[in-house]
Amino acid sequence: MSKFSPPRRTPLRLGVLVGVAATTIVATALAAGATSTTGTGVAATGAATAVTATPTTKPDPGHRRYKPKPKPTKSPTAKPTPSPTASPTAVPKGDIWRPALRSRWQYQLEGNPAYPATGGVNVNICAVPQTGGACVRPDVYDIDLYANVGNNTTLNTEAVKAIHARGAKAICYVDAGSIEDFRPDYQQFLDWHNSHGKSLLGKPFSSTFPNERWANINNDKGQRDFLLKMMEARVAKCASAGFDGVEFDVVHAHEEGASVTGWNISPATQLTYNRALAGIAHRYGLAVGLKNDLSQVADLVADFDFAVNEECFQYDECGDLKPFVKAGKPVFQVEYLTAPGTFCPKANSTTFDFNAIKKSKDYDLNDLPYTPCR
């Protein structure tokens, strides 16, 4: 998630560093082919060097707050190969869900074992809004593609069914700009990376998320073509699980620069990739959300159906999202460190008219705490 609009530079945000897991995962990344270094050097046009995760007094440049998953101790005995994705029949635009401008939402990417029947998703949550009164329920749930209790391979179909049964909609979380090593399709990314001059997987995303690496969305060796094929396979799973929309995360590499990502990504390249992602979602009949990438909102608002943002009130960046509201498209917004009494009146005002919520100060995206602004 980018926390700036150029030329402002994002302050790093504080996350919870899981020390032992971080060391293990970075070591695994090095074994996968990255070059070790104790500095911040980077090969901008080749494979990025791996950086050892170290605690920092500054906050971490996170995106969504997904705790690192433990990496399996053994690699798969058989390397999976990409399975062809059948091209979908074009879905008429009128048949794609368009979320209402004012739609309460819940952001839960981490499973609660108290709800095993719905993949760890609390579909009965009801909370008193910052404005007071009776508890209110979400109209929209943004949850992971996979059930997050006990495994990372079962599609979140049961959660989606339960959400629909309550009259709400479900957004499918997909990381499109960094590659997470705990995903079931990770081996395919690693194999491609190793067979194409280590040109796909860049630096670790951050010290908080060392088990994922920035993807190279350039196409000099076909990286973008491969990534889009893999993202289409994921979107096909979102559609098969019954989701109504998809959120693509980490689609702002051009804002971070080669020193952070390991790759020189131009704004034009980012636009090409993001628009291609939106097109994939629409072909599968899903609404599509733009996650952050504030510097390109004006260029992308026509391609996306809603926006997802983290902490724009904390960093005084919410004005960049006004084009979505002006176009009648909702902004689903979350704050972690700022008190609801501080940002909710702004979010609820006609100046912004955002669908804002407050989640945990430690950046966990569990079902609770959850305070909707309205």
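Description of the structure in this document. This structure is a prediction, so every number in the text was calculated from the model and none was measured.

Here the focus is the side chain of arginine 224. One can find arginine 224 in helix α4 (residues 223-240). With no salt bridge to any partner, buried arginine 224 finds its closest opposite charge in aspartate 225, at an N-O distance of 5.4 Å.

This part covers the packing of helix α3 (residues 186-195) against α4. Between α3 and α4, the shortest axis-to-axis distance is 12 Å and the interhelical angle comes to 170 degrees. In terms of their interaxial angle, α3 and α4 are classed as roughly antiparallel. Residues Gln188, Phe189 and Trp192 of α3 pack against Gln223, Phe226, Leu227, Met230, Met231 and Arg234 of α4. Looking at the contact of α3 with α4 residue by residue, the classes come out as 6 nonpolar, 2 polar and 1 charged.

This part is about the pattern of salt bridges. Pairs can form between side chains of opposite charge whenever their charged atoms are close. Under the criterion given, the structure shown has 12 salt bridges. Aspartate 305 is the salt-bridge partner of arginine 98, the closest N and O atoms lying 2.1 Å from each other. One end of the pair, arginine 98, is in the loop between β2 (50-51) and β3 (105-108); the other, aspartate 305, is in the loop between α8 (297-300) and β11 (306-310), with 207 residues separating them in the sequence. Judged by relative accessible area, which is 6%, aspartate 305 ranks as buried. Measuring nitrogen to oxygen at the nearest pair gives 3.3 Å for the salt bridge that ties lysine 291 to aspartate 249. Within this pair, whereas lysine 291 is found in strand β10 (residues 287-291), its partner aspartate 249 is found in strand β9 (residues 245-249), the two being separated by 42 residues in sequence. Like lysine 291, the residue aspartate 249 is buried in the burial classification. One salt-bridge network, in which partners are shared between bridges, spans Glu247, Asp249, Lys291 and Glu310.

Pairing in this open sheet of 9 strands is mixed, and the strands run β3-β4-β5-β9-β10-β11-β12-β13-β14 from one edge to the other. Of all the strands in the sheet, just β3 and β14 (371-372) have a single pairing partner and so form its edges. Sheet topology note: the strand β12 (residues 331-335)/strand β13 (residues 355-358) ladder contains 4 bridges and is parallel. Bridged to phenylalanine 332 within β13 is asparagine 355. Each of β5 (169-175) and β9 touches α4; the most contacted strand, β5, lies at about 160 degrees to it.

It is worth spelling out the state of the cysteines at this point. Applying the stated criterion across every chain yields a total of 4 disulfides. The partner cysteine of cysteine 172 in its disulfide is cysteine 238, sulfur to sulfur 2.1 Å. As the torsion about the S-S bond is roughly -60 degrees, the cysteine 172-cysteine 238 disulfide counts as left-handed. Here cysteine 238 lies in helix α4 and cysteine 172 lies in strand β5, a separation of 66 residues in the sequence. The buried category is assigned to cysteine 172, whose relative accessible area is 0%. Residue classification places cysteine 238 among the buried positions, given a relative accessible area of 0%. Disulfide pairing places cysteine 344 opposite cysteine 373 at an S-S distance of 2.0 Å. One disulfide, between cysteine 344 and cysteine 373, carries an S-S torsion of -70 degrees and so falls in the left-handed class.

Here we come to the packing of aromatic side chains. As enumerated under the stated definition, the model contains 13 aromatic pairs in all. When the centroid spacing of 4.8 Å and the interplanar angle of 25 degrees are considered together, the rings of phenylalanine 205 and tryptophan 214 count as stacked. In this structure, phenylalanine 205 and tryptophan 214 share a single accessibility class: buried. Their ring planes at 80 degrees and their centres at 5.4 Å tell us that phenylalanine 313 and phenylalanine 352 sit as a pair that is edge-to-face. Here the residue phenylalanine 313 occupies a position in the loop between β11 and α9 (322-326), and phenylalanine 352 occupies one in the loop between α10 (340-348) and β13, the gap between them amounting to 39 residues. Assigned by exposure class, phenylalanine 313 and phenylalanine 352 land together as buried. Following the ring pairs from residue to residue traces out a cluster consisting of Trp97, Trp105, Tyr107, Phe306 and Phe332. Of note, lysine 322 hangs over the ring of phenylalanine 352, and the distance from its end group to the ring centre comes to 5.3 Å.

Reading the values: rules and limits
Residues numbered from 1 in each chain as written. Predicted model: local features only at pLDDT ≥ 70, side-chain atom pairs only at ≥ 80, totals over all residues. Heavy atoms only, no water. Helix = DSSP H or I, 4+ residues; strand = E, 2+ residues; numbered from the N terminus. Buried < 20%, exposed > 50% of the residue type's maximum accessible area, 1.4 Å probe, protein only. Lys, Arg positive; Asp, Glu negative; His and termini not counted. Salt bridge = Lys/Arg side-chain N within 4 Å of Asp/Glu carboxyl O. Axes fitted to C-alpha atoms, helices over the stretch in contact; angles between N-to-C directions. Parallel < 35°, antiparallel > 145°, perpendicular 65-115°, else oblique. Contact = heavy atoms within 4.5 Å. Nonpolar A, V, L, I, M, F, W, Y, C, P; charged D, E, K, R; others polar. Pairing = 2+ DSSP bridges. Disulfide = S-S within 2.5 Å. Phe/Tyr/Trp six-rings, centres within 6.5 Å; stacked < 30°, edge-to-face > 60°. Lys NZ or Arg CZ within 6 Å of the ring centre and 35° of its normal.

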